[in-house]
Amino acid sequence: MTEAIIKLVYLAAAICFIIGLKRLSHPAKARSGNAIAATGMLVAIATTLFNNEILSFQYIIIGMIAGAAIGLTFAKMVKMTSMPEMVALLNGFGGAASALVAGAEYLRYMALNEVPTPDIAVTMQLSILIGSVTFSGSIIAWGKLQEVITGTAVTYPLQKTLNALLFTALIVLIVMLSIQFPNTNLLIAFVVLALILGVLSVIPIGGADMPVVIALLNSYSGLAAAMTGFVINNHGLIIAGALVGASGIILTAIMCKAMNRSLGNVLFGAFGAGAETGSSVIVAGQAIEQPIKQITADDAAMLMAYGKQVVIVPGYGLAVAQAQHEVRELAELLEKKGVTVKYAVHPVAGRMPGHMNVLLAEANVPYDELYDMDDINPEFEQTDGSLVSGANDVVNPAARSNTASPLYGMPILDVDKSRACIVMKRSMRPGFAGVDNELFFATATSMLFGDAKDSLKNLISEVKEL
Ligand code: NAP
């Protein structure tokens, strides 16, 4: 293949990535966006492998089939609620792959008895550093989400100082490795310290913040790939890495904004080190023991079926219960009775951005019934019944009023402003942030306890009888 054709193929792949990313921003186009980006990646990989004659044709095909089979199996097996764990692992593998390619380049220079130019040497070390940090950090993030290790923020004295010293040592090693070539002992020490930095950077972050950390590590894995692209002079890798790096950091910023937290607070704030939970709720600085009001499925069905507008608020619990089909069925029944049904989707409802959109799309909920927080909030005052289904933190009014709450400042769905609010959950346990929710004690709120799927099935049969 001529150089010009290869460059054109990489350009076409890059266009596929950009179109794919653009389409991912809308639920209706996300699937095709994914397919377009994946096709671009397939073309780029095949071109690289065939062109460079890295391996024989048979090995390439065997590798592609094996990789695709493993990816497909994982994608089919993993539950929607475990997607962050899978993304954490994939980020880690991406970082490790970049570090390994850069390491292999180091060894290749050694074998050829050549000394890399300073720019290549520094880029190689940066790729190894970022790739190794991404790998070990992602494994810790996975372990925290999978509860293999504690999800609590692990803190100890002088933690930030130690991390800063470690980081400084790694920068010094980059300079030394670039000057003294080759030095395999120094290289091994460099990799070990980089892996330790990845572990130490993620353990002080609570499990609650892992999705943000994963988005950030995703960005790191892109940076590592782009660096490796410079090392092996592969334009496709540079473009793909830069796109992943940029989109990962944008996603991180969106998540931080939706939780009203700075990235510094997420990374160094040890959120979740000792979250307080209890049966009482703090209102205006005072702990108040309040009774809650329970509702039965038949009363809840009447409340909704005889209203003009019902807003359904899906949350993480709906995904756990896999009750998306039931929620759509209930909505359709209510609509047949003349009720206007809308879904209110909070940007960080669930465990990753877009979690609720994907969940509801799986049940064929029409996209035009999904409302963003800013669009639906002014409507709650005219809403007869809000049905909070497995959501908690994203409807906690403490985020608006309680300056002492860890949720303070996070924009929320104003369900407490609706005429009546039904909260479906299994117990009085708190949500992800580990804090009590004063919505449950509000006079307009009624609790419908039970698994979301069971409660929705009960509601469906009650509405059918009306
Ligand atoms: P949440 O605050 O975690 O609350 C989920 C609720 O669902 C829990 O209170 C739980 O109560 C209930 N639940 C669990 N399983 C259930 C089942 N089978 N049936 C019925 N209810 C069930 O969820 P959220 O309101 O969606 O808020 C998301 C949280 O994740 C926020 O704190 C957000 O900051 C955080 N977060 C999200 C992202 C993201 O990108 N989406 C990223 C980072 C952090 P019971 O145990 O009593 O049933």
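That block above? That's the structure.
(A) Here's a closer look at the overall build of the chain. When helices and strands are counted, the chain shows 17 helices and 8 strands. Taking 466 residues into account, the globule formula puts the C-alpha radius of gyration at 23 Å, and the chain, at 25 Å, falls close to it. C-alpha extents for the chain along the principal axes are approximately 80 × 50 × 35 Å. By the burial criterion, 47% of the 466 residues in the chain qualify as buried. By sequence separation, contacts in the chain at least 24 residues apart represent 76% of the contacts at least 6 residues apart. Accessible surface computed for the chain: about 22300 Å², of which carbon and sulfur atoms make up 64%. In the chain, which carries 28 positive and 34 negative side-chain charges, the distance between the mean positions of the two groups comes to 2 Å.

(B) Representation of the packing of helix α11 (residues 297–305) against helix α17 (residues 452–465). Packing of α11 against α17 brings their axes to within 8 Å, and their N-to-C directions diverge by 60 degrees. Here α11 lies oblique to α17, going by the angle between them. Two packed elements cross with a definite hand, and for α11 against α17 that hand is right-handed. Between α11, through Ala297, Asp298, Ala300, Ala301 and Met304, and α17, the contact on the second element is made entirely by Asn458, Leu459, Glu462 and Val463. Its residues assigned to classes, the contact of α11 with α17 comprises 6 nonpolar, 1 polar and 2 charged.

(C) Examining the side chain of Lys342 more closely. Looking at the element boundaries, Lys342 is found in strand β4 (residues 340–345). Only 3.4 Å separates the side chain of Lys342 from the side chain of Gln309, close enough to count as a polar contact. Look past the residues within four positions of Lys342 in its chain and what remains in contact with it is Gln309, Val310, Val311, Ile312, Glu369, Tyr371, Ile376 and Glu379.

(D) How the structure looks around helix α7 (residues 184–202). With 19 residues, α7 should cover 27 Å at 1.5 Å per step; its first-to-last C-alpha distance of 28 Å lies within 8% of that length. Residues of α7 that are buried include every one of Leu186, Leu187, Phe190, Ala194, Leu197, Gly198, Leu200 and Val202, and no others. The inward-facing, buried residues of α7 contact α4 (83–111), α5 (118–145), α6 (159–179) and α8 (210–231).

(E) How the structure looks around the environment of Leu216. Summarising the element assignment, Leu216 is placed in helix α8. For Leu216, a relative accessible area of 6% translates into the label buried. Taking C-alpha positions, Leu216 is 10 Å from Ala88, a pair spaced 128 residues apart along the chain. Look past the residues within four positions of Leu216 in its chain and what remains in contact with it is Ile249, Thr252, Leu263 and Leu267.

(F) Just the packing of aromatic side chains, in detail. Tallying each qualifying case throughout the model produces 2 aromatic pairs. Consider the rings of Tyr109 and Phe181, whose centres lie 6.5 Å apart with planes at 85 degrees: the pair is edge-to-face. Taken together, the residues Tyr109 in helix α4 and Phe181 in the loop between α6 and α7 connect sequence positions 72 residues apart. Residue Phe181 is classed as buried on the basis of its relative accessible area, which comes to 15%. Residue placement shows Arg351 over the ring face of Tyr316; its charged tip is 3.6 Å from the ring centre.

Rules of the game
- Residues numbered from 1 in each chain as written.
- Predicted model: local features only at pLDDT ≥ 70, side-chain atom pairs only at ≥ 80, totals over all residues.
- Heavy atoms only, no water.
- Helix = DSSP H or I, 4+ residues; strand = E, 2+ residues; numbered from the N terminus.
- Rg over C-alpha atoms; globule rule 2.2 N^0.38 Å.
- Buried < 20%, exposed > 50% of the residue type's maximum accessible area, 1.4 Å probe, protein only.
- Contact = heavy atoms within 4.5 Å.
- Areas by Shrake-Rupley, 256 points an atom, 1.4 Å probe, with all protein chains shown as cover.
- Lys, Arg positive; Asp, Glu negative; His and termini not counted.
- Charge placed at Lys NZ, Arg CZ, Asp CG, Glu CD.
- Axes fitted to C-alpha atoms, helices over the stretch in contact; angles between N-to-C directions.
- Parallel < 35°, antiparallel > 145°, perpendicular 65-115°, else oblique.
- Left-handed = near helix turned anticlockwise from the far one by under 90°.
- Nonpolar A, V, L, I, M, F, W, Y, C, P; charged D, E, K, R; others polar.
- Polar contact = N/O pair within 3.5 Å; in protein donor to acceptor, adjacent residues only side chain to side chain.
- Expected span 1.5 Å × (residues − 1).
- Phe/Tyr/Trp six-rings, centres within 6.5 Å; stacked < 30°, edge-to-face > 60°.
- Lys NZ or Arg CZ within 6 Å of the ring centre and 35° of its normal.

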